[in-house]
Amino acid sequence: MNLQMTVTRWIGLLVAACVLLFDQFTKYYVTGPLGLNVEDDSLTVLPIFDLRFVKNVGVSLGLLPASGEFMRWALVLLTAGIAAGVAWWMMREKKLPDVVALGLVLGGAVGNILDRARLGYVVDFADLHFGAWRPFLVFNVADAAITIGVLILLFRALFVRDKTAQSADAPAPVENEVNA
């Protein structure tokens with residue numbers, strides 16, 4: 001393994017750790033010092049943004065709600081398995097933008113897994129709205145990091161051609177033979 005690969009992997013792990021720490025700090029701050037720890041407690045920050053405490057017992061978009069202890073731990077195991085797959089992919093990935101995107105996904109996933117294991121639900125608090133219209137459900141830093149990471153991966157997969165892929169598609173150069 002060369003130095004560039006080692007640095008790239010460490011950058012991915014650093015991104016994941018920063019997302020995890022920032023996610024856990026914001027959840028602590030909202031539910032602790034700000035005191036938003038009762039369902040639907042809210043604090044208006046901007047005319048289009050509130051801090052609103054929501055217990056998310058499901059996965060993305062509240063799907064698959066964990067109605068009991070078995071479902072809670074099944075979701076923890078399922079999401080931990082997915083996070084392990086993302087970590088494995090990140091450690092094998094060579095392209096820095098993909099490693100950063102995977103670090104965002106990994107850090108966000110671990111942040112939400114910690115909530116679910118520790119509390120039985122994921123703390124959501126960011127409520128973006130335009131009047132009564134809410135383009136998103138209430139979310140958290142981990143959700144935002146996961147979404148941004150996935151969007152980067154999708155964008156790169158669909159629209160970015162790496163130089164190594166282009167050179168593999170190019171025809172091999174033809175050597176001219178000179179007869180003496």
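Being a predicted model, the structure only gives us computed values, none of them experimental. (Residues numbered from 1 in each chain as written. Predicted model: local features only at pLDDT ≥ 70, side-chain atom pairs only at ≥ 80, totals over all residues. Heavy atoms only, no water.)

Student: Which residues make up the overall build of the protein chain, and what values do they have?
Tutor: Of the regular secondary structure elements, the protein chain holds five helices and three strands. The N-to-C order of helical and strand elements in the protein chain reads α-β-β-α-α-β-α-α. Expressed as a percentage of the 180 residues in the protein chain, the buried residues total 34%. Considering only residue pairs separated by 6 or more positions, the protein chain has 62% of its internal contacts joining residues 24 or more positions apart. (Helix = DSSP H or I, 4+ residues; strand = E, 2+ residues; numbered from the N terminus. Buried < 20%, exposed > 50% of the residue type's maximum accessible area, 1.4 Å probe, protein only. Contact = heavy atoms within 4.5 Å.)

Student: Please give an account of the nonpolar core that cites residues and values.
Tutor: Judged by nonpolar contacts, the single largest core of 13 residues is most densely connected at Ala83, Val86, Met90, Leu102, Leu106, Ile113 and Leu153. Put simply, the parts of the chain that give this core at least two residues each are helix H2 (69-92) and helix H3 (96-119). With seven residues, the single largest contributor to this core is H3. Among all residues touching Ile113, those that are not within four sequence positions of it are Val76, Thr79, Ala80 and Ala83. (Core = buried A, V, L, I, M, F, W, Y, C linked by side-chain atoms within 4.5 Å.)

Student: Describe the pairing of strand S3 (residues 122-128), naming the residues involved and giving the relevant values.
Tutor: Side-chain positions along a regular strand alternate between the two faces of the sheet. A large share of S3 lies buried, amounting to six of its seven residues. Summarising the sheet, strand S2 (residues 49-56) and S3 pair through six bridges and their orientation is antiparallel. In the sheet register, Lys55 faces S3, and the bridge partner there is Val123. (Pairing = 2+ DSSP bridges.)

Student: Please give an account of the pairing of strand S1 (residues 42-46) that cites residues and values.
Tutor: For S1 and S2, the ladder comprises four bridges, and the chain directions are antiparallel. In the strand pairing of S2, Thr44 is matched with Asp50. The hairpin turn running from S1 into S2, its antiparallel successor, is two residues long.

Student: With reference to specific residues and values, describe the packing of H3 against helix H4 (residues 141-159).
Tutor: Between H3 and H4, whose axes approach to 8 Å, the crossing angle comes to 150 degrees. In terms of their interaxial angle, H3 and H4 are classed as roughly antiparallel. The handedness of the crossing between H3 and H4 comes out as left-handed. In this structure, H3 contributes Pro97, Asp98, Ala101, Leu102, Leu104, Val105, Gly108, Ala109 and Asn112 to the contact, and H4 contributes Ala142, Asp143, Ala145, Ile146, Ile148, Gly149, Val150, Ile152, Leu153 and Arg156. Residues of the contact of H3 with H4, tallied by class, amount to 13 nonpolar, three polar and three charged. (Axes fitted to C-alpha atoms, helices over the stretch in contact; angles between N-to-C directions. Parallel < 35°, antiparallel > 145°, perpendicular 65-115°, else oblique. Left-handed = near helix turned anticlockwise from the far one by under 90°. Nonpolar A, V, L, I, M, F, W, Y, C, P; charged D, E, K, R; others polar.)

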